Amino acid sequence: MQQTRDRAIGILDSGVGGLTVAREVMRQLPRETIYYVGDTKRCPYGPRSKEEVRKFTMGIVRFLMNHPIKAILIACNTATAAALDLVREQVDIPVLGVIDPGARAAIKATKNKTIGVIGTQGTIQSGAYEQALRKIHPDLTIHSLACPAFVPLVESGYRHTALADDIVADTLSPLRNTSMDTLILGCTHYPLLADSIRKAVSESVSIISSAEETAVELSTILQHQQLLSDQHSPKHRFFTTGSTESFSKIAEDWFGFPVKVEQVELYFPSVG
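Reading the values: rules and limits
Residues numbered from 1 in each chain as written. Predicted model: local features only at pLDDT ≥ 70, side-chain atom pairs only at ≥ 80, totals over all residues. Heavy atoms only, no water. Phe/Tyr/Trp six-rings, centres within 6.5 Å; stacked < 30°, edge-to-face > 60°. Buried < 20%, exposed > 50% of the residue type's maximum accessible area, 1.4 Å probe, protein only. Lys NZ or Arg CZ within 6 Å of the ring centre and 35° of its normal. UniProt positions renumbered as here; feature names shortened; annotations may be inferred. Helix = DSSP H or I, 4+ residues; strand = E, 2+ residues; numbered from the N terminus. Contact = heavy atoms within 4.5 Å. Salt bridge = Lys/Arg side-chain N within 4 Å of Asp/Glu carboxyl O. Pairing = 2+ DSSP bridges. Axes fitted to C-alpha atoms, helices over the stretch in contact; angles between N-to-C directions. Expected span 1.5 Å × (residues − 1). Polar contact = N/O pair within 3.5 Å; in protein donor to acceptor, adjacent residues only side chain to side chain.

## What to know about the packing of aromatic side chains
So, point 1. Counted according to the given criterion, the structure contains nine aromatic pairs.
So, point 2. Here the aromatic rings of phenylalanine 255 and phenylalanine 257 are separated by 5.2 Å at their centres, their planes lie at 5°, and the arrangement is stacked.
So, point 3. Residue phenylalanine 255 is classed as buried on the basis of its relative accessible area of 12%.
So, point 4. Among the aromatic residues, those joined into a ring-pair cluster are Tyr36, Phe238, Phe247, Phe255 and Phe257.
So, point 5. In this structure, arginine 42 is placed above the aromatic ring of phenylalanine 56, and the distance from its NZ or CZ to the ring centre is 5.6 Å.
So, point 6. Sitting over the face of the ring of tyrosine 35, arginine 237 holds its NZ or CZ atom 5.6 Å from the ring centroid.

## Points about the UniProt feature "binding site: substrate" (unreviewed entry) in the chain
So, point 1. Per the UniProt record, "binding site: substrate" (unreviewed entry) is annotated on Asp13, Ser14, Tyr45, Gly46, Asn77, Thr78, Thr188 and His189. Over a stretch of 177 residues, the named residues converge on one spot in the fold, their C-alpha atoms separated by at most 12.0 Å.
So, point 2. Tracing the backbone shows asparagine 77 in helix α4 (residues 77-90).
So, point 3. Residues contacting asparagine 77, with those up to four places away along its chain left out, are Val98, Ile99, Thr123, Tyr129, Gly186, Cys187 and Thr188.

## A look at the pattern of salt bridges
So, point 1. Taken as a whole, this structure holds ten salt bridges when the rule is applied.
So, point 2. Notably, a salt bridge pairs lysine 70 with glutamate 32, separated by 2.6 Å at the nearest N-O pair. Of this pair, lysine 70 sits in strand β3 (residues 69-74) while glutamate 32 sits in the loop between α2 (19-28) and β2 (34-38), placing them 38 residues apart in sequence.
So, point 3. Taking the shortest distance from any N to any O, the salt bridge between aspartate 39 and arginine 42 comes out at 3.0 Å. This pair shows no difference in class: aspartate 39 is buried, exactly as arginine 42 is.

## Points about the sheet that holds strand β5 (residues 114-119)
So, point 1. In spatial order, the strands read β6-β5-β7-β8; together these four strands make up an open sheet with parallel pairing. Looking at the sheet topology across the chains shown, the edges are occupied by β6 (141-146) and β8 (206-208). Sheet twist, expressed as the mean angle between neighbouring strand axes with direction ignored, is 20°.
So, point 2. As judged from the five bridges shared by β5 and strand β7 (residues 182-186), these two strands associate in the parallel manner. The residue of β7 that forms the bridge with isoleucine 115 is threonine 182.
So, point 3. Sheet strands touched by helix α7 (residues 128-136): β5, β6 and β7. Its angle to β6, the strand with the most contacts, is close to 160°.

## Points about helix α5 (residues 99-109)
So, point 1. For α5, a buried count of eight out of eleven residues is recorded, marking the element as mostly surrounded by other parts of the structure.
So, point 2. Listed as buried for α5 are Ile99, Pro101, Gly102, Ala103, Ala105, Ala106, Ile107 and Ala109.

## Some remarks on the UniProt feature "active site" (unreviewed entry) in the chain
So, point 1. Residues annotated in UniProt with the feature "active site" (unreviewed entry) correspond here to Cys76 and Cys187. Spanning 112 residues, the annotated positions come together in the fold, the maximum distance between their C-alpha atoms being 6.5 Å.
So, point 2. Counting through the fold element by element, cysteine 76 comes out in the loop between β3 and α4.
So, point 3. Mapping cysteine 187 onto the fold places it in the loop between β7 and α10 (194-200).
So, point 4. Judged by its relative accessible area of 5%, cysteine 187 is buried.
So, point 5. The contacts of cysteine 187, once residues within four sequence positions are left out, are Asn77, Ile118, Thr120 and Val151.

## Observations regarding helix α3 (residues 50-65)
So, point 1. Here α3 contains 16 residues, and its C-alpha end-to-end distance of 22 Å stays within 8% of the 22 Å for a straight helix at 1.5 Å per residue.
So, point 2. Residues of α3 that are buried: Val53, Arg54, Phe56, Thr57, Met58, Gly59, Ile60, Val61, Phe63 and Leu64.

## Observations concerning the side chain of histidine 189
So, point 1. With respect to the secondary-structure elements, histidine 189 resides in the loop between β7 and α10.
So, point 2. Classification of histidine 189 by relative accessible area gives buried; the value is 1%.
So, point 3. Separated by 3.3 Å, the side chain of histidine 189 and the backbone nitrogen of glycine 17 make a polar contact.
So, point 4. Contacts of histidine 189, omitting those with residues within four sequence positions, involve Asp13, Ser14, Gly15, Val16, Gly17, Cys43, Val151, Val154 and Glu155.

Right, dumping it as structure tokens:
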């Protein structure tokens, strides 16, 4: 059992966005080792078909399962919407997504039962957040908005710029005339644009990232299954299918410590 507890948590994303979840997992579970894979070569996943996203997600899962992994966290809303159930069918370890935790956090936060959801085209078109929200609270007013420019903005390294402020403000303008008091960042890249998003919406709006709630859920599952690690020096690994230089620059900016990144090739199985 000790050997199983010391295995890593696999975290996957279409790019660097899932680092927002990884940082929260590190904060809440500092003894856990993380193996992170960002498929920056094929990012963004949002405009892609469900079949493509499922294929890419399973390719990352196959890669992770070749390593000592005890749980998988799909830190990508698009992949969660398209492939969570498929991944759970294919592996025999706990698999978590980020949509249900984000929905729960938003319902806790809203006072007027009016919630905004922003995400990639794939996530918004799937209706996954609306389904997750209404499953818990059927009487909500939900305003959903696809923001296709946001992920490329983050991946290209322009998040701390006036350009980012302008693009975010223009994209979010349709939500300004709503009465939402809570906004779900329905893509794990979006917390990296939190400063620009905060400027673009009312100060009274609660901004929800699923990272904190997802890490809580992961902690609960690992504790229940007696899988919590007692290591004192976890050895994280970071993998990308694209540029290691741009990935490490964003990762180091977000984490505040040097990050060694390994480049990998993924192989994609056919999926149903």
